[in-house]
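# Topology and contacts: notes
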Amino acid sequence: VHYRLKSGMFTFTPGVSGHAYSVKNDQFGEETTDNFFRLLPDFNVRMQLKNSEQITFNYRMQTQFTDVSRFARGLVLNSYNSLFSGVPDLENALSHNVSLGYYSFNMFNYTNVFANINYNKSIDNIRNTSVFEPGSVVNISSPFNSDFADESLSASGRFQRTFNKYTRVNKSQNMARTRFKDTGS
């Protein structure tokens, strides 16, 4: 459900979506079930400065599920020295995404300006831990839900100006920073 409200140069679009999840996992006579309902909000604000210039802000919460192969109990041979063991009671991850952007196009002097910044925080992400068998090169990896949140921040910008039919100047810059914490439980 979304609602759009326009007031002057601002357009607000708050929303929420409801999701009902049901997971049933039956392996070797042992059943694991997970039934839950989650409301996931999202929000968008657009500030229209001119017809060709705007600032936008977005927020969105998402649920992320893992691949079904990570739930499989038992050993899977990945290579001659690598085994994988699934965990049937893994939980889904939750992420918060925030972005802020600026865009401007000036047709009078042919100038384009774009800037964007994004932030993401993921909670209960699924990581792998590896155990090496003593005295050998064989390792067994298995997934687990991390107790720590992962964060990423990225920013980009671009400036472009055309002076005449044959001369164009471009400058762009990108930056990214990611922080992963892992316990290897």
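Sequence positions are assigned chain by chain, starting from 1 and proceeding in written order. Given that this is a predicted model, residues contribute local features only at a pLDDT of at least 70 and side-chain atom pairs are listed and counted only at 80 or more, while totals for whole chains, interfaces and linings are drawn from all residues. Just so you know, side-chain values use all the structure's heavy atoms and leave hydrogens and water out.

## As for the overall build of the protein chain
Here a strand is any run of E in DSSP of at least two residues, a helix any run of H or I of at least four, and the numbering for each starts at the N terminus. Across its full length, the protein chain holds zero helices and twelve strands. For the protein chain, the sequential pattern of α-helices and β-strands runs β-β-β-β-β-β-β-β-β-β-β-β. For 185 residues, the compact-globule formula gives about 16 Å, and the C-alpha radius of gyration of the protein chain, at 24 Å, lies well above that figure. Each principal axis of the C-alpha distribution contributes one length, and for the protein chain these read about 70 × 40 × 25 Å. Counting every atom, the protein chain has about 12,500 Å² of accessible surface; 56% of that belongs to carbon and sulfur. The convention is simple: Lys and Arg are positive, Asp and Glu are negative, and His and the chain ends are not counted. To locate a charge, take NZ of a lysine, CZ of an arginine, CG of an aspartate or CD of a glutamate. Taken together, the 19 basic and 15 acidic charged side chains of the protein chain have centroids lying 22 Å from each other. It is over C-alpha atoms that the radius of gyration is taken, and the globule rule equals 2.2 Å times the number of residues to the power 0.38. In this description, accessible areas are obtained by the Shrake-Rupley approach with a 1.4 Å probe, and a residue is regarded as covered only by the protein chains that are shown.

## Thoughts on the environment of serine 130
Counting through the fold element by element, serine 130 comes out in strand E9 (residues 126-132). Separated by 46 residues in the primary sequence, serine 130 and phenylalanine 84 place their C-alpha atoms 8.9 Å from one another. Only heavy atoms matter for contacts: two residues are in contact if any of them lie within 4.5 Å across the pair. Ignoring sequence-local partners within four residues, the contact set of serine 130 consists of Asn139, Ile140 and Ser141.

## Thoughts on the packing of aromatic side chains
Stacked, edge-to-face and tilted are the three classes for Phe, Tyr and Trp ring pairs, Trp counted by its six-membered ring, which pair at centre distances within 6.5 Å; planes under 30 degrees apart are stacked, over 60 edge-to-face, the rest tilted. Inspection of the entire model under this criterion finds three aromatic pairs. Geometrically, the ring pair formed by phenylalanine 10 and phenylalanine 12 is stacked, given 5.9 Å between the ring centres and 20° between the ring planes. We call a residue buried when its accessible area falls under 20% of the maximum for its residue type, exposed when it is over 50%, and partly exposed in between, using a 1.4 Å probe and counting protein chains only. Since its relative accessible area comes to 31%, phenylalanine 10 is described here as partly exposed. Judged by its relative accessible area of 28%, phenylalanine 12 is partly exposed. Centroid distance tyrosine 21 to phenylalanine 65: 5.0 Å. Interplanar angle 50°. Geometry classified as tilted. Highlighted residues: tyrosine 21 in strand E2 (residues 10-27) and phenylalanine 65 in the loop between strand E4 (53-64) and strand E5 (75-79), separated in sequence by 44 residues. Tyrosine 21 sits in the buried class, given a relative accessible area of 17%. Under the relative-accessibility criterion, phenylalanine 65 is labelled partly exposed at 43%.

## Quick word on the pairing of E5
A strand pair is defined by DSSP finding two or more bridges across the two strands. As judged from the four bridges shared by E5 and strand E6 (residues 82-85), these two strands associate in the antiparallel manner. Considered in E6, the bridge of leucine 77 is made with leucine 83. Here E5 hands over to E6 after two residues, the two strands then running antiparallel side by side.

## Observations concerning the nonpolar core
Each nonpolar core is a collection of buried residues, namely Ala, Val, Leu, Ile, Met, Phe, Trp, Tyr and Cys, held together in the definition by side-chain atoms within 4.5 Å. Core analysis: the largest hydrophobic core is formed by five residues, namely Tyr21, Phe36, Leu40, Met61 and Leu94. If we skip the residues at most four places from it in the chain, leucine 94 touches Arg38, Leu40, Met61, Gln62, Thr63, Lys121, Ser122 and Ile123.

## Here we look at the sheet that holds E6
Read from one edge to the other, the open sheet built from four strands follows the order E5-E6-E10-E9, with strand pairing classed as mixed. What marks the edges here is a single partner per strand, and that holds for E5 and E9. Averaged over all pairs of adjacent strands, the angle between strand axes in this sheet comes to 30°, irrespective of strand direction. To get an axis, a line is fitted to the C-alpha atoms, and for a helix only the part in contact is used. The angle between two axes follows their N-to-C directions and goes from 0 to 180 degrees.

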